[in-house]
Amino acid sequence: QVQLVESGGGLVQPGGSLRLSCAASGSIFGLTAMGWYRQTPAKQRDLVASITSSGSTIYADSVKGRFTISRDNPKTTVELQMNSLKPEDTAVYYCKIYVRGRNYWGQGTQVTVSS
């Protein structure tokens, strides 16, 4: 079994910062890519950022220069530092990991950017 525990969402004013964290545990031998996606009621779930086990990263154009994805040394925790947040960043953020050919999703954490 694979467990994903997300934390760090909340309410922040425009221009503010938040840091999301996702810790993976359980049967994660062979874990490779980890990433963050987001979804609003009106849209599909879209990639925000991802990072491979070797440290290669991909970012959505809308967050480049504002968000930074990173992994810890054991590479089982992925974090998303979000700066200069905008109202359009409001969404439920989901952690996703790729283990031996399967995707596993976290439960989601709400990020709301509003004054």
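Because the structure is predicted, anything quoted here is derived from the model rather than measured. (Residues numbered from 1 in each chain as written. Predicted model: local features only at pLDDT ≥ 70, side-chain atom pairs only at ≥ 80, totals over all residues. Heavy atoms only, no water.)

(A) Focus on the overall build of the chain. Looking only at helices and strands, one finds zero helices and 11 strands in the chain. When its helices and strands are written in sequence order, the chain yields β-β-β-β-β-β-β-β-β-β-β. Relative to the compact-globule value of 13 Å for 115 residues, the chain shows a C-alpha radius of gyration of 13 Å, a close match. Looking at the chain as a whole, 41% of its 115 residues are labelled buried. Nonlocal contacts in the chain, meaning residues at least 24 apart in sequence, comprise 54% of its contacts between residues at least 6 apart. Per element, the accessible surface of the chain, about 6,100 Å² overall, is 50% carbon and sulfur. Positive and negative side-chain charges in the chain, numbering 12 and 7 respectively, have mean positions lying 6 Å apart. (Helix = DSSP H or I, 4+ residues; strand = E, 2+ residues; numbered from the N terminus. Rg over C-alpha atoms; globule rule 2.2 N^0.38 Å. Buried < 20%, exposed > 50% of the residue type's maximum accessible area, 1.4 Å probe, protein only. Contact = heavy atoms within 4.5 Å. Areas by Shrake-Rupley, 256 points an atom, 1.4 Å probe, with all protein chains shown as cover. Lys, Arg positive; Asp, Glu negative; His and termini not counted. Charge placed at Lys NZ, Arg CZ, Asp CG, Glu CD.)

(B) Summary view of the side chain of Q81. Of note, Q81 is situated in strand β8 (residues 77-82). A polar contact is formed between the side chain of Q81 and the side chain of N83, at a distance of 2.9 Å. In contact with Q81, other than residues within four places in its own chain, are S17, L18, R19, R66, F67 and T68. (Polar contact = N/O pair within 3.5 Å; in protein donor to acceptor, adjacent residues only side chain to side chain.)

(C) The arrangement of unusual backbone geometry in detail. Notably, S84 is not glycine yet its phi reads approximately 50°, a positive angle. Summarising the element assignment, S84 is placed in the loop between β8 and β9 (91-99). For S84, a relative accessible area of 41% gives the class partly exposed. We note that R100 has phi near 50°; this positive angle belongs to a residue other than glycine.

(D) The pairing of strand β1 (residues 2-7), seen in detail. Burial along β1 is one-sided: V2, L4 and E6 are buried, and none of Q3, V5 and S7, which face the opposite way, are. Of the strand pairs in this sheet, β1 and strand β3 (residues 18-26) are connected by six bridges, and their pairing is antiparallel. By the bridge assignment for β3, E6 is matched with C22. (Pairing = 2+ DSSP bridges.)

(E) A look at the packing of aromatic side chains. If you walk through the whole model with that rule in mind, you get two aromatic pairs. A ring pair is formed by Y94 and W105, whose centres lie 6.5 Å apart and whose planes are at 85°; its orientation type is edge-to-face. You can see Y94 sitting in strand β9 and its partner W105 sitting in strand β10 (residues 102-105), a full 11 residues away along the chain. The exposure class of Y94 is buried, given its relative accessible area of 14%. Members of the aromatic cluster, each reached through a chain of ring pairs, are Y37, Y94 and W105. (Phe/Tyr/Trp six-rings, centres within 6.5 Å; stacked < 30°, edge-to-face > 60°.)

(F) Spatial organisation of the sheet that holds β3. Across the sheet, four strands lie side by side as β1-β3-β8-β7; this open sheet has antiparallel pairing. Each having just a single partner strand, β1 and β7 (67-71) make up the two edges of the open sheet. Each strand axis lies, on average, 15° off the axis of its neighbour in the sheet, ignoring direction. (Axes fitted to C-alpha atoms, helices over the stretch in contact; angles between N-to-C directions.)

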